[in-house]
Amino acid sequence: MRWENLTSDSEHGRADAALFGADAVTTRTFDTPEFRGITFHEIRARSIINRVPAVSRMSFQWTVNPYRGCSHACVYCFARKTHSYLDLDTGLGFDSQIVVKTNAPELLRRQLGSRRWQGEHIAMGTNVDCYQRAEGRYRLMPGIIAALRDHANPFSILTKGTLILRDLELIEQAAQVTDVGISVSVGFTDQELWRTVEPGTPAPERRLDVVRTLAEHGIGCGVLMAPVIPFLSDSPAQLRATVRAIAACGATSVTPLVLHLRPGAREWFMAWLGQHHPYLVARYERFYAEGSYAPKWYQRRITRQVHELAEEYGIGPTRAGMPRRIRPAEPAEEPPVTGPTQLTLL
Ligand code: SF4
């Protein structure tokens, strides 16, 4: 693979730095078990605050993404497609070829201080997970949150990573001076399904522990119940078990989102389906025959079921004792009954 010998000194390095929107690319691998098989492409990015395309239906306009690719390796991840823009593989390559914007904190601090920046909301974790395993080594998020805190710039984080608790103190500090929204993604609690379809992520109950810990610190945290996977995590019993667990950890909201399969994710997911649940392949081909989204009637049914369960279990704002400015993240997490979105199924 062409990336294996990539360094900042090589001809390829210069060409590919341009592809990355960076001045240089350095490639590293680490031998520790945690990072075995993963290659990091360290870059010094030229810009870090990204505008969300106008066609998007997002409720935010700006994002910060310190990483590209995600070792959480969710089979259905729709950010897979974005790896092809870097001439990287969207399957295993997305899981194991991680681009790290090593200058993200200092660059963000500089851009936040620019006279042109208007202090608008910045969403994180909307493309790939900013608390994926690489963050344990590169520690970019503390500098990013500190910069946002120091500029009192509102932000939100959506994650599957338990590592976010490392930065709890910084998040609390930021919430004293600006609006901060936190959401954790837990689509289901089925252990067997989790092991095969989200193989690099912390277990669902560990993610719910994050919600619980945040709540214990007075930080309201919503749960994005995503994805609900047709015929694999959508039985009434499974939906009930998931919503009950979300309620038990003190989540302030639950927002269901049915699996969508865009190009890039679709091929990878269907290959996985053929391997693990071959009897479902034909059914999925019919279900997603019209495009990336499940039929609207199905999305509405799941939404209704989850909302009814949420009401039954009393999920809702529990603001008592919550720091004044902390609230659940509000990315555009409505079920995509129409049109595409930019939000990954974190
Ligand atoms: S869905 Fe989120 S956590 Fe999973 S691989 Fe994609 S970016 Fe990472």
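Look up: the structure comes first, before these words.
What counts and what doesn't
Residues numbered from 1 in each chain as written. Predicted model: local features only at pLDDT ≥ 70, side-chain atom pairs only at ≥ 80, totals over all residues. Heavy atoms only, no water. Helix = DSSP H or I, 4+ residues; strand = E, 2+ residues; numbered from the N terminus. Buried < 20%, exposed > 50% of the residue type's maximum accessible area, 1.4 Å probe, protein only. Pairing = 2+ DSSP bridges. Salt bridge = Lys/Arg side-chain N within 4 Å of Asp/Glu carboxyl O. Contact = heavy atoms within 4.5 Å. Arc of directions from axis to C-beta. Core = buried A, V, L, I, M, F, W, Y, C linked by side-chain atoms within 4.5 Å. Axes fitted to C-alpha atoms, helices over the stretch in contact; angles between N-to-C directions. Parallel < 35°, antiparallel > 145°, perpendicular 65-115°, else oblique. Left-handed = near helix turned anticlockwise from the far one by under 90°. Nonpolar A, V, L, I, M, F, W, Y, C, P; charged D, E, K, R; others polar.

Asker: Account for unusual backbone geometry, with residues named and values stated.
Answerer: Glycine aside, residues mostly have negative phi, and peptide bonds are mostly found in the trans state. At the junction of Ala226 and Pro227, the peptide bond is cis and its omega measures out at -5° in the coordinates. A positive phi angle, close to 60°, is found at Ala73, a residue other than glycine. Mapped onto the elements of the fold, Ala73 is located in the loop between strand E5 (67-68) and helix H2 (80-84). Classification of Ala73 as buried rests on a relative accessible area of 11%. The backbone of Arg139 sits at a positive phi, close to 50°, despite the residue not being glycine. Mapped onto the secondary structure, Arg139 falls in the loop between helix H5 (134-138) and helix H6 (141-150).

Asker: Go over the pairing of strand E8 (residues 155-159), please, and point to the residues and values.
Answerer: Counting buried residues along E8, five of its five residues qualify, which places the element largely inside the surrounding structure. With burial as the criterion, each face of E8 is covered, one bearing Phe155, Ile157 and Thr159 and the other bearing Ser156 and Leu158. One ladder, built from three bridges, connects strand E7 (residues 122-124) with E8; its direction is parallel. When the sheet's bridge partners are listed, Ile122 is paired in E8 with Phe155. Judged from the five bridges that link them, E8 and strand E9 (residues 180-185) form a sheet pairing that is parallel.

Asker: Just give me the short version of the environment of Glu216, but keep the residues and values in it.
Answerer: If you trace the backbone, Glu216 turns up in helix H9 (residues 204-216). Given the relative accessible area of 60%, Glu216 is considered exposed.

Asker: Outline the pattern of salt bridges, listing residues and values.
Answerer: This model, assessed by the stated rule, comprises 13 salt bridges. One network of salt bridges, with partners in common, ties together Arg109, Arg149 and Asp150.

Asker: Report on the side chain of Asp95, specifying residues and quantitative values.
Answerer: Within the secondary structure, Asp95 sits in helix H3 (residues 92-96). Setting aside its immediate chain neighbours within four residues, Asp95 contacts Cys70, Ser71, Ala73, Arg80 and Trp268.

Asker: For helix H4 (residues 104-112), give the residues involved together with the corresponding values.
Answerer: When we look at burial in H4, the residues that qualify are Ala104, Pro105, Leu107, Leu108 and Leu112. When H4 is viewed along its axis, its buried side chains cluster within an angular range of 165° and face the same direction. The inward-facing, buried residues of H4 abut strand E2 (39-45), strand E3 (49-51), strand E4 (62-64), strand E6 (97-101), E7 and H6.

Asker: I'd like to hear about the nonpolar core, residue by residue, with values.
Answerer: Core analysis: the largest hydrophobic core is formed by 97 residues, its most contacted members being Leu108, Ile122, Met124, Ile157, Phe269 and Tyr284. In terms of residue count, the dominant contributor to this core is H6 (six residues). Here Met124 is in contact with Val64, Cys130, Met141, Ile144, Leu148, Phe155, Ser156, Ile157 and Leu158, once residues within four sequence places are set aside.

Asker: Pulling in residues and values, what's your account of the packing of H4 against H6?
Answerer: The N-to-C vectors of H4 and H6 enclose an angle of 15°; their axes lie 8 Å apart at closest approach. It follows from the interaxial angle that H4 and H6 lie roughly parallel. As H4 packs across H6, the resulting crossing turns out to be right-handed. Within the contact between the two elements, H4 uses Ala104, Pro105, Leu108, Arg109 and Leu112 and H6 uses Gly143, Ile144, Ala146, Ala147, Leu148 and Asp150. Residues of the contact of H4 with H6, tallied by class, amount to eight nonpolar, one polar and two charged.

Asker: Before we move on, could you go through the packing of H6 against helix H7 (residues 168-175) and cite the residues and values that matter?
Answerer: The geometry of H6 relative to H7 is characterised by a closest axis approach of 9 Å and an angle of 15° between their N-to-C directions. On the basis of the axis angle, H6 is roughly parallel to H7. Remark: the crossing between H6 and H7 carries left-handed chirality. Of H7, the residues touching H6 (which contributes Pro142, Ile145, Ala146 and Arg149) are Leu170, Ile171, Gln173 and Ala174.

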